[in-house]
Amino acid sequence: MGRFGKPETLIDILWQCDVAVAVDKPAGLSTTSPPGTDSLESFMRRQLGRENEYVTAVHRLDRDVSGVVLLALTKKSARLLSQQFAARRVRKTYLAWVNGNVAQTQSFPENLPAATIRWTDHVRKLPDVARGEVCSPESPGAKKAETEIAVVHYDRNADCTLLRLSPLTGRMHQLRLQTASRGHAILADPIYAAPTQTLPQHPQWQFDTIALAATQLTFHHPRTGVLTEVLCDRLTEV
């Protein structure tokens, strides 16, 4: 999974209508940025020929995380889609390769790793740095973080697990914090993975960025209200 390349590289469009577009954001490109600085928004304005028109992302992915991002093409659609995110009516799904055997350390129903369980924590942002921590509910700035997880595949040779993660809340670095705090840091995470972590030697493991991707987004069409699902498969089993 490489980073975003040359400025002329086209960004894959996964779904579009007259008022919104969903794209596959590459790793290494910020979702938004100040005027004059490259971002997903600025590239899509140029790619869509809308340099002087409205294009805004209604949610964000971390710079080094790839996958589905939804952009609004009108102020009305931006408002309607943002309301869905705020009301938790949008279903977000990620895939992540993490260290260790998650099925052995987590309590799945009847010891079935294919089942879905929920992680509930409290997290907070640390002052003056782009980093968070899991904390007690009473800690200043603590916010509840909930994620549904399921084991997709365990690679015995690499001792790594492919997880499907569906966050129910939207805290900073939520998935990265919740996996790392349980001893299963996401591979190649520059902040929360152990510095001594060794990446598996395999053709499909050529990560030069965090092994986390947003692979599915389910929302209601901002104009028709029809339930809409956008898929983007970025990580695969080895």
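Above this text you will find the structure in question.
Report follows, based on the coordinates. (Residues numbered from 1 in each chain as written. Predicted model: local features only at pLDDT ≥ 70, side-chain atom pairs only at ≥ 80, totals over all residues. Heavy atoms only, no water.)

**Some remarks on the overall build of the protein**
For the protein, the count of helices and strands is four helices and 11 strands. Accessible surface, the protein: about 12100 Å² in total, of which carbon and sulfur atoms supply 47%. (Helix = DSSP H or I, 4+ residues; strand = E, 2+ residues; numbered from the N terminus. Areas by Shrake-Rupley, 256 points an atom, 1.4 Å probe, with all protein chains shown as cover.)

**Comments concerning the pairing of strand β2 (residues 20-25)**
Taken across its six residues, β2 has six buried, putting it largely inside the fold. The alternating pattern of β2 places Ala20, Ala22 and Asp24 on one face and Val21, Val23 and Lys25 on the opposite face, and all of these are buried. In this sheet, β2 lies alongside strand β1 (residues 13-16) in antiparallel orientation, the contact comprising three bridges. Bridge pairing in β2 places tryptophan 15 opposite alanine 22. If you look at the hairpin formed by β1 and β2, you'll find three residues sitting between the two strands. Of the strand pairs in this sheet, β2 and strand β4 (residues 66-72) are connected by six bridges, and their pairing is antiparallel. Within β4, the residue paired with valine 23 across the bridge is valine 69. (Buried < 20%, exposed > 50% of the residue type's maximum accessible area, 1.4 Å probe, protein only. Pairing = 2+ DSSP bridges.)

**Brief notes about the nonpolar core**
Grouped together as the largest cluster of nonpolar side chains are 36 residues, with contacts concentrated most on Leu40, Leu71, Leu165 and Leu212. Secondary structure elements with two or more residues in this core: β2, α1 (40-47), β4, β5 (91-99), β6 (117-125), β8 (143-155), β9 (160-167) and β10 (212-220). Examining the composition of this core, we find that five residues originate from one element, β5, more than from any other. Ala72, Leu217, Phe219 and Val230 belong to the second largest nonpolar core, which has 17 residues in total. (Core = buried A, V, L, I, M, F, W, Y, C linked by side-chain atoms within 4.5 Å.)

Any functional reading would require information that these geometric values do not contain.
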